[in-house]
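# Chain and residue survey
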Amino acid sequence: MDESNELNKETTSSKTNKMIEGTFWLTVGNFLSRFLGLIYIIPWYSWMGEHAKVSNGLYGMGYNIYAIFLLISTAGIPSAVTKQIAYYNSLDDPEMSNQFFYSSLKIATFIGVIASFGMYLFSPIIAKSSGGGQDLTAVIRSLSIIVIFFPSMSVIRGYFQGNQQMKPYAVSQILEQIGRVIYMLLSTFIIMKVLNGNYVTAVVHSTFAAFIGLIVSYVYLLFKLHKEAPLNDIFLQNKKSKINSKGLLKELLQVSIPFIIMASGISLFKLIDQFTFSRIMSQISTYSDMRLTELFAIFSTNPDKLTMIVIALATSLSSAGLPLLTEFFTKKNKLSLSKMVTNNIQLFLFITLPSILGMILLAKPLYTLFYEPSNLGTKVLIQACLTGFILGFYMLSSSILQSINQNRYAIFTLLIGAIVKLILQYPLISIFEVYGPLLATAISFGIICILNLKKIINITHPDIKLLLKRTVLISFSCILMLLVVLLVRNFLYLFLDPERKMHSFLIVTFAAIIGIMTYLFLSFKTGLSDALLGFNAKKLKNKLKLFSK
């Protein structure tokens, strides 16, 4: 009996370490890809000149539509593939895993073609409803070609993730961003600086850059897939298999539908903002269409570049734990499930809380660095950071609910949040103008998170005492870190101007480095890093040669 318990503990520990390793790779991939997608804005915004604000607003509107069509085209399939492959692996059924993967590729390709055609065809109607006109139509159409290929690429990523191979997933994200950013910057520089061209043309090429990045990522994934699991083996096995493909496709769609609804949550709320903000503001103000596009950029596109990094971290945490949570739930391993959920929530707080608070403290130089000096932009960025923390927890909580087969409940809470958002949108925009949409989003997702957390606690029974203890430790470390960063920031303000780009870069760099080192020091000393990161914390400590006795 004792040997059995010891074996169970070792297995649970091994799987927890595997989740942490997966979290590491997904976090690195998400962070670096988001970071690359962030730093390009500095030269890009500058090269756009007087059209920078409206260009960024146009870019953001196009990407909001693109995000929805991506979700429709993937139909939640990548996450469903991850979950189902993890499920079949837990049953030691690799043949079923490969069959499911092959079927997913076929249906994803078909849906991608249909969704791409629909996006191209209806782009004028969508653009007009958004207040973007012909300029936005061109932007949306430049993105439609990507929708053909993205679903099948996402299925391959889901295959690796379901097999708990997170490195190819992460590297593919980084390569995708590198290809996208290189093409975007080159095309924008040539159009705006060499040819003195039109800013709309530059925006169209900037959005088309996503297709270039996709091709780079796709080639890498196919190479890794062939190396890890030769394509010929998968396809030949599928032809010989007597498994009912139609039954598998039906199962795939049944699993996928909840994922698309949940994954579209944040994008859906952004679309509500895009379709309502200009209309409501036109009724209550005398702003021009161009000014309204600029305001949309200030509260939506601009802060998203920064806050989405935090949301990406939350996505990494939720995605990495998905296969193991599904496995523990399938095998009815309640103890391991409880520990995994407890650890997921702690990791979320450990990473995102200091990130959000640090961004709030450095909001002014951050906004100046990436955009321009703006009191309004700084205030909205602070509000967006707070909202970003709530959105991050939504991503985590909804993923946990899906892992434990609570899809209907997760959809129900999202529906409640959407209703609250629609009810609050008009009065909050009327009262607070540019601050209104973010406030409505924060309140709505806050309600969703409370409902989701209540359900998670009732089913998985996480260690509440441990969570509270660790939350206090994390909060204490964050407060001390903030005090140090505040002193450094105010000291740098004595001889550096936060309204100048180069000065802002120095302020953000020095303050961020000192803040990170302070937080690492405190997390090592309090034992937080060892408790949450396990062996990876020891490796980090040894590599940095920090705090050794």
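Computed from a prediction, not measured in an experiment: that's the story for all the values here.

The next subject is the overall build of the protein chain. The helix and strand inventory of the protein chain stands at 22 helices and 0 strands. Within the protein chain, the fraction of its 549 residues that count as buried is 56%. Residue pairs in contact within the protein chain that sit at least 24 positions apart in sequence constitute 82% of those at least 6 positions apart. Surface exposure of the protein chain reaches about 24,100 Å², of which carbon and sulfur atoms provide 66%.

Counting 134 residues, the largest nonpolar core has Y66 and Y394 as its most contacted members. Element by element, the count of residues in this core is highest for helix α13 (residues 289–330), at 13 residues.

The next point concerns unusual backbone geometry. The backbone phi angle of N405 is positive, close to 60 degrees, even though this residue is not glycine. By relative accessible area, N405 is classed as partly exposed at 45%. The backbone phi angle of E433 is positive, close to 55 degrees, even though this residue is not glycine. Counting through the fold element by element, E433 comes out in the loop between α17 (407–432) and α18 (436–460).

Time to look at the packing of aromatic side chains. As enumerated under the stated definition, the model contains 21 aromatic pairs in all. Relative to Y66, the ring of Y63 has its centre 5.2 Å away and its plane inclined at 80 degrees; by these criteria the two rings are edge-to-face. A residue pair is termed a helical-turn pair when its members lie 3 or 4 positions apart in one helix, as Y63 and Y66 do in helix α3 (residues 52–74) at 3 residues. Through a chain of ring-to-ring contacts, the aromatic side chains of Y40, W44, Y59, Y63 and Y66 assemble into a single cluster. In this structure, R141 is placed above the aromatic ring of Y120, and the distance from its NZ or CZ to the ring centre is 4.4 Å. Just above the ring of Y409 sits the side chain of K455; from NZ or CZ to the centre is 4.9 Å.

This part takes up the packing of helix α16 (residues 375–403) against α17. α17 packs onto α16 with a crossing angle of 150 degrees between their chain directions and a minimal axis gap of 7 Å. Between α16 and α17, the crossing angle belongs to the class labelled roughly antiparallel. Where α16 crosses over α17, the two elements pack in a sense that is left-handed. Residues Y394, L401 and Q402 of α16 form the contact with α17, whose own contacting residues are N407, Y409, A410 and L414. The residue inventory of the contact of α16 with α17, partitioned by class, reads 5 nonpolar, 2 polar and no charged.

In this section: the pattern of salt bridges. Under the counting rule described, the total for this entry stands at 6 salt bridges. Among the salt bridges present, the one from K364 reaches E499, with a minimum N-O distance of 3.8 Å. A residue pair is termed long-range when its members are at least 10 positions apart, and K364 in helix α15 (residues 363–370) and E499 in the loop between α19 (464–493) and α20 (501–526) qualify at 135 residues. Owing to a relative accessible area of 30%, K364 belongs among the partly exposed residues under this scheme. A relative accessible area of 41% means that E499 is categorised as partly exposed.

Let us now look at α17. Helix length check: α17, at 26 residues, gives a terminal C-alpha distance of 35 Å against a target of 38 Å (1.5 Å per residue), a fit within 8%. Backbone geometry just after α17 places E433 at a positive phi near 55 degrees.

A separate point is a nonpolar patch on the surface. A cluster of nonpolar side chains, contributed by F31, L32, F35 and I39, occupies part of the molecular surface with about 310 Å² of accessible area. Position of L32 among the secondary structure elements: in helix α1 (residues 2–39). On the accessibility criterion, L32 (34% relative accessible area) is partly exposed.

Turning our attention to the packing of α17 against α18. Where α17 contacts α18, the two axes come as close as 7 Å, and the packing angle between them is 155 degrees. One finds that α17 runs roughly antiparallel with respect to α18. Judged by the twist between their axes, the crossing of α17 over α18 is right-handed. Here the contact of α17 with α18 is composed, by residue class, of 16 nonpolar, 7 polar and 2 charged.

Relative to the 42 Å expected for 29 residues at 1.5 Å per residue, helix α8 (residues 166–194) spans 41 Å between its end C-alpha atoms, a close match to the ideal helical length. Looking at the residues trailing α8, positive phi occurs at N196, about 50 degrees.

This brings us to the confidence of the model for the protein chain. The predicted model of the protein chain has a mean per-residue pLDDT of 82, with 81% of residues at 70 or higher. Mean pLDDT in the protein chain bottoms out at helix α10 (residues 231–240), which sits at 54, and peaks at α18, which reaches 95.

Structurally, I382 can be placed in helix α16. In sequence terms I382 and K364 are 18 residues apart; their C-alpha atoms lie 9.0 Å from each other. Setting aside anything within four residues of it in sequence, one finds I382 in contact with I360 and A363.

Along the chain, the position of L185 falls in helix α8. It is 6.6 Å that separates the C-alpha atoms of L185 and W44, two residues lying 141 residues apart in sequence. In contact with L185, other than residues within four places in its own chain, are Y40, P43, W44 and W47.

You can see T307 is positioned in helix α13. On the basis of relative accessibility, which here comes to 3%, the residue T307 falls in the buried class. When neighbours within four sequence positions are excluded, T307 is seen to be in contact with M359, A384 and C385.

So, how was this worked out
- Residues numbered from 1 in each chain as written.
- Predicted model: local features only at pLDDT ≥ 70, side-chain atom pairs only at ≥ 80, totals over all residues.
- Heavy atoms only, no water.
- Helix = DSSP H or I, 4+ residues; strand = E, 2+ residues; numbered from the N terminus.
- Buried < 20%, exposed > 50% of the residue type's maximum accessible area, 1.4 Å probe, protein only.
- Contact = heavy atoms within 4.5 Å.
- Areas by Shrake-Rupley, 256 points an atom, 1.4 Å probe, with all protein chains shown as cover.
- Core = buried A, V, L, I, M, F, W, Y, C linked by side-chain atoms within 4.5 Å.
- Phe/Tyr/Trp six-rings, centres within 6.5 Å; stacked < 30°, edge-to-face > 60°.
- Lys NZ or Arg CZ within 6 Å of the ring centre and 35° of its normal.
- Axes fitted to C-alpha atoms, helices over the stretch in contact; angles between N-to-C directions.
- Parallel < 35°, antiparallel > 145°, perpendicular 65-115°, else oblique.
- Left-handed = near helix turned anticlockwise from the far one by under 90°.
- Nonpolar A, V, L, I, M, F, W, Y, C, P; charged D, E, K, R; others polar.
- Salt bridge = Lys/Arg side-chain N within 4 Å of Asp/Glu carboxyl O.
- Expected span 1.5 Å × (residues − 1).
- Patch = residues over 30% accessible without salt bridge, like charges linked within 9 Å, V, L, I, M, F, W, Y side chains within 5 Å.
- pLDDT = per-residue confidence, 0-100.

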